[in-house]
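Residue-level structural notes
The primary structure of each chain is shown beneath.
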Amino acid sequence: MDIVPLDFAAEPGRAAGYHALAADAMAPGPRMPAHLFRLVAERGWRAMPAENWLAVDDDRVVGGVTVHLPDRDNTHLALIRFLQVDPGHRRRGVGGALLSHVAERARAHDRSTMLVEVAEGGPGEAFVRAKGAREVATQARRVLDLSTFDVPEREIPGYRLEFLRGRTPDPQIADMAALLEIMNDAPLDDLPVDEERWTAADVAALEDAWTSIHQDVFTVVARAGDGSAAAFTRLFADTREPAGWARQTDTAVRRDHRGRGLGLWVKEANTAWLKRARPDLTRVITWNAVSNGPMVAINERLGYRLLDVWHEWELRA
Ligand SMILES: CC(C)(COP(=O)(O)OP(=O)(O)OC[C@H]1O[C@@H](n2cnc3c(N)ncnc32)[C@H](O)[C@@H]1OP(=O)(O)O)[C@@H](O)C(=O)NCCC(=O)NCCS
């Protein structure tokens, strides 16, 4: 067995082998289409350096791992994604060899800490415990059945909603960068991460990526009477292989506008819009820190139900 780098563009056969192993990594959540998997593996949502390594046995892909190397903030971290071993090749040291390899790569890039997300109770958890990892955060996935979602339209005095499908228009892009920075207020538990800074150029790079991987993106922004952006929320749906799923991502309310129901309001309005605009979709999935009481309460009110629990683990590189 060899550990070799993967170049997605030059090695489509091996890339397909890695995708076949990793596509269902998030089951029972949505399967990752190949175009989405490749973008996340090659650069992550925020366009950061990444490396992909495969375990190859007799020219067959039997394992793989992606490592993201943040270069604007959190430069002490190496983020491990999609560490997977073919079920027929487990408990033979392949996973351990891939992990040792990425630890070496992390050190080569001056990273002190590796983070990895693992489903509770599965083989990944036994594996990271055996490797001496420390648990640093707990997240839950919840799913909303869109057929049961039915809320009347309503107003909140002093605010108006803005509906954006696809890229943020240039005049609003600075507002979007500021809204994304509010996500730094979400609880981190024990995660050793620094705040993420967003510039207009970062937002443009992120949103350019959507188009290249066939994402239909629904954003609702709540604006205060003076026109300032007070809250936002986002839903993503694939246009090629949605398989009935949408993904709920960021939601944030500016500190001075909290406690007025804006978080629930923007999510209700966006979900209702998605349901009207994309009748092919049946379910929405979301992730939250278990410790994020306000967001979890909003999701439960919207009708989201618990799917499973994941833990984030820290390993020294
Ligand atoms: C987790 C995973 C990558 C491990 O790959 P692997 O090649 O089987 O791992 P290794 O053979 O190197 O295992 C190293 C040690 O981890 C522990 N371990 C691994 N799988 C285990 C399991 N199912 N139950 C209990 N202990 C386990 C053992 O201590 C093992 O050493 P041992 O076999 O000498 O007892 C593999 O099970 C997998 O792909 N799981 C699904 C994806 C996943 O959970 N990924 C997240 C990984 S962080």
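In this text, all values refer to a predicted model and were calculated from it rather than measured experimentally.

Let's shift gears to the overall build of the protein. Along the backbone of the protein there are eight helices and 12 strands. By its C-alpha atoms, the protein is 65 × 40 × 35 Å across when sized along the principal axes. Taking the contacts inside the protein whose residues are at least 6 apart along the sequence as the reference set, 71% of them involve residues at least 24 apart.

Bringing the domain arrangement of the protein into the picture now. As assigned here, the protein comprises domain 1 (2–111) and domain 2 (143–307). Placing a centre on the C-alpha atoms of domain 1 and another on those of domain 2 gives a separation of 28 Å. Contacts between the two partners involve 15 residues from domain 1, matched on the other side by 19 residues from domain 2. Sorting elements by how many residues they give to the side of domain 1 that touches domain 2 places helix H2 (residues 34–43) first, with three residues. Its residues assigned to classes, the side of domain 1 that touches domain 2 comprises eight nonpolar, three polar and four charged.

This next bit is on the site of the ligand. In the vicinity of the ligand there are 19 residues, among which Arg90, Gly95, Gly96, Gly124 and Ala126 approach most closely. Where the shell around the ligand is concerned, the elements lending two or more residues are strand E4 (77–85), helix H3 (94–108), strand E5 (113–119) and helix H4 (123–130). Split by residue class, the shell around the ligand holds 10 nonpolar, six polar and three charged.

Reading the values: rules and limits
Residues numbered from 1 in each chain as written. Predicted model: local features only at pLDDT ≥ 70, side-chain atom pairs only at ≥ 80, totals over all residues. Helix = DSSP H or I, 4+ residues; strand = E, 2+ residues; numbered from the N terminus. Contact = placed C-beta atoms within 7 Å. Domains from an automatic or database assignment. Nonpolar A, V, L, I, M, F, W, Y, C, P; charged D, E, K, R; others polar. Near = placed C-beta within 6 Å.

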